[in-house]
Amino acid sequence: MLVLDGKVVGSIKRSNPLDFRTNVSRHAVAEVHSPTQLEQELSLKATAAVDAKFAGVDLLYDARGNCYVIEVNAVPGWRAFQKATRIDVADLLMESLENK
């Protein structure tokens with residue numbers, strides 16, 4: 001989940017059928033994900049908890065279907081996100097900085 005200025009910009013899901021690691025740099029695939037209300041709420045709360053204005057939030061589900069925040073990235077890489085979603089992240093960042 002990518003969060004900017006207290007709003008969810010978008011979300012991707014990463015998977016890798018050949019490895020447990022889902023880093024796109026390790027040949028994982030990123031695809032657009034429609035986040036649930038819970039996923040959005042958890043991402044916004046996690047970002048607010050660390051007082052980040054821009055963050056990537058990693059969520060993970062356990063075997064019972066419980067969703068957990070496993071990481072809040074203060075300097076998220078957005079290349080795979082942008083490629084999958086076609087959202088111009090750099091443009092959004094610049095707009096945010098201009099409006100501050």
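Some points on the confidence of the model for the protein
Interpreting fine coordinate detail is not advised for predicted regions of low pLDDT.
Right, on to step 1. For the protein, mean pLDDT is 94; residues scoring 70 or higher make up 100% of the total.
Right, on to step 2. Per-element averaging of pLDDT across the protein places helix H2 (residues 79-85) at the bottom with 93 and helix H1 (residues 37-49) at the top with 98.

Things to note about the sheet that holds strand S6 (residues 67-73)
Right, on to step 1. One open sheet accounts for 4 strands, arranged S2-S1-S5-S6; its pairing is antiparallel. One side of each edge strand has no neighbouring strand; the edge strands of this open sheet are strand S2 (7-10) and S6. Averaged over all adjacent pairs, the angle separating strand axes in this sheet is 35°, with direction ignored.
Right, on to step 2. Bridge analysis of strand S1 (residues 2-4) against S2 gives 3 bridges, and the strand direction is antiparallel. Note that in S2 the partner of Leu-4 across the bridge is Lys-7.
Right, on to step 3. Lying on the sheet, H1 is in contact with S1, S2, strand S5 (54-61) and S6; it crosses S5 at an angle near 130°.

Some points on a negative patch on the surface
Right, on to step 1. Taken together, the side chains of Asp-88, Asp-91, Glu-95 and Glu-98 make up a negatively charged region of the molecular surface.
Right, on to step 2. As for its placement among the helices and strands, Asp-91 is situated in helix H3 (residues 89-98).
Right, on to step 3. Of the residues examined, Asp-91 reaches a relative accessible area of 38% and is grouped as partly exposed.

Observations concerning a nonpolar patch on the surface
Right, on to step 1. Together, Leu-60, Tyr-68 and Ile-70 give the surface a local cluster of nonpolar side chains, amounting to about 320 Å² of exposed area.
Right, on to step 2. Residue position: Ile-70 is located in strand S6.

Topic: the side chain of Asn-16
Right, on to step 1. Inspection of the secondary structure puts Asn-16 in the loop between strand S3 (12-15) and strand S4 (29-32).
Right, on to step 2. Given the relative accessible area of 11%, Asn-16 is considered buried.
Right, on to step 3. Here the side chain of Asn-16 touches Arg-21 through a polar contact of 3.1 Å, landing on its backbone oxygen.
Right, on to step 4. With residues near it in sequence (within four places) discarded, Asn-16 still touches Arg-21, Thr-22, Arg-26, His-27 and Ala-28.

Details of the pattern of salt bridges
Right, on to step 1. Counted according to the given criterion, the structure contains 3 salt bridges.
Right, on to step 2. A salt bridge links Arg-21 to Asp-19, with the nearest nitrogen and oxygen atoms 2.8 Å apart.

Analysis parameters
- Residues numbered from 1 in each chain as written.
- Predicted model: local features only at pLDDT ≥ 70, side-chain atom pairs only at ≥ 80, totals over all residues.
- Heavy atoms only, no water.
- pLDDT = per-residue confidence, 0-100.
- Helix = DSSP H or I, 4+ residues; strand = E, 2+ residues; numbered from the N terminus.
- Pairing = 2+ DSSP bridges.
- Axes fitted to C-alpha atoms, helices over the stretch in contact; angles between N-to-C directions.
- Contact = heavy atoms within 4.5 Å.
- Patch = residues over 30% accessible without salt bridge, like charges linked within 9 Å, V, L, I, M, F, W, Y side chains within 5 Å.
- Areas by Shrake-Rupley, 256 points an atom, 1.4 Å probe, with all protein chains shown as cover.
- Salt bridge = Lys/Arg side-chain N within 4 Å of Asp/Glu carboxyl O.
- Lys, Arg positive; Asp, Glu negative; His and termini not counted.
- Charge placed at Lys NZ, Arg CZ, Asp CG, Glu CD.
- Buried < 20%, exposed > 50% of the residue type's maximum accessible area, 1.4 Å probe, protein only.
- Polar contact = N/O pair within 3.5 Å; in protein donor to acceptor, adjacent residues only side chain to side chain.

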